[in-house]
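Single-letter residue listing:
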Amino acid sequence: MEPDTAAPLTFGMLVFDEVEVLDMGGPFEVFSTAGRLARTASDEPLLRVLTVAATERPVRARGGLRIVADHTLDEDPPFDVLVIPGGVTTAVETDAEVIDWLARRRKTSVLTFSICTGAFLLAATGALDGRPATTHWEDQEELARRRPDIRLRTDVRWVDDGDIVTSAGISAGIDASLHIVGRLFGERLARRTARQMEYVWTATRA
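What counts and what doesn't
- Residues numbered from 1 in each chain as written.
- Predicted model: local features only at pLDDT ≥ 70, side-chain atom pairs only at ≥ 80, totals over all residues.
- Heavy atoms only, no water.
- Core = buried A, V, L, I, M, F, W, Y, C linked by side-chain atoms within 4.5 Å.
- Buried < 20%, exposed > 50% of the residue type's maximum accessible area, 1.4 Å probe, protein only.
- Helix = DSSP H or I, 4+ residues; strand = E, 2+ residues; numbered from the N terminus.
- Contact = heavy atoms within 4.5 Å.
- Expected span 1.5 Å × (residues − 1).
- Arc of directions from axis to C-beta.
- Polar contact = N/O pair within 3.5 Å; in protein donor to acceptor, adjacent residues only side chain to side chain.
- Pairing = 2+ DSSP bridges.
- Axes fitted to C-alpha atoms, helices over the stretch in contact; angles between N-to-C directions.

This part covers the nonpolar core. In terms of nonpolar packing, the biggest core is built from 60 residues, with F11, F31, L47 and L102 touching the most fellow members. Sort the elements by how many residues they give to this core and helix α6 (residues 171-185) lands first, with 6 residues. Those residues within four positions of F11 in sequence are excluded, and the remaining contacts are F31, L47, R48, V49, L50, F79, V81, V83, I180 and L184.

The next point concerns helix α3 (residues 96-108). A rise of 1.5 Å per residue sets the reference length of α3, with its 13 residues, at 18 Å; its end C-alpha atoms lie 19 Å apart and thus fit the reference within 8%. All buried positions along α3 are accounted for by V98, I99, W101, L102, R105 and R106. Along the axis of α3, the buried residues cluster in a sector spanning 160°; they form a single face. Those residues of α3 that are exposed and angled more than 90 degrees off the buried face are D100, K107 and T108. The N-terminus of α3 is capped by D95, whose side-chain oxygen sits 3.1 Å from the backbone nitrogen of E97.

Here the focus is the sheet that holds strand β7 (residues 111-115). Read from one edge to the other, the open sheet built from 7 strands follows the order β5-β2-β1-β6-β7-β11-β10, with strand pairing classed as mixed. Both edges of this open sheet fall to β5 (71-72) and β10 (158-160), since each of them pairs with a single strand only. Across 3 bridges, β10 lies against strand β11 (residues 164-167) in antiparallel orientation. Bridging from a neighbouring strand, W158 pairs with S167 of β11. Its contacts with the sheet put helix α1 (residues 21-37) on β1 (9-14), β2 (47-53), β6 (81-84) and β7, and the angle it makes with β2 is roughly 150°. Packing of α6 onto the sheet brings it into contact with β1, β2, β6, β7, β10 and β11, and relative to β7 it is tilted by some 165°.

The quantities given are spatial measurements derived from coordinates; they are silent on function.
In structure tokens form, the structure reads like this:
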């Protein structure tokens, strides 16, 4: 395998109680698989993924999956891309510590990516005001009602607005993750990653 000349990137993913398993696991699989396929000159992954939770206590995802995060908010690990999965986000939206951390880390990240109802957490920071965004079809009306300043897109699987990418629900997060791999490291790697996953990539946003 030829080494890649692009700069390695670390993806920092927030996890929380009632996080949607595929919202988290789909992008995790895309980015980690791409990291297995694309290596640096020293044979390190070109893409790495780490998880961050509010505390050291294990997180219970939807359906009961138990997750032990790599880091806590207090540890505040370095990373380049902020990833915010969805799920049942009601409690997290009112957690000032988490929202403040997201607001701060968004500003220090080269890219922020929300999946599904993760858009509600990103919106809670004010980052989506005046910008185009999307979320799961079932939650679009609620997001529009609660955050009328967002230019909500209901006709696409993801929205790429430069430093922020938002996706619709669940499997759309996989499509958007492959889009991000293609944007940052080239479409060839994105297509190799989809093939390795045996995933039929919807490469267009609609």
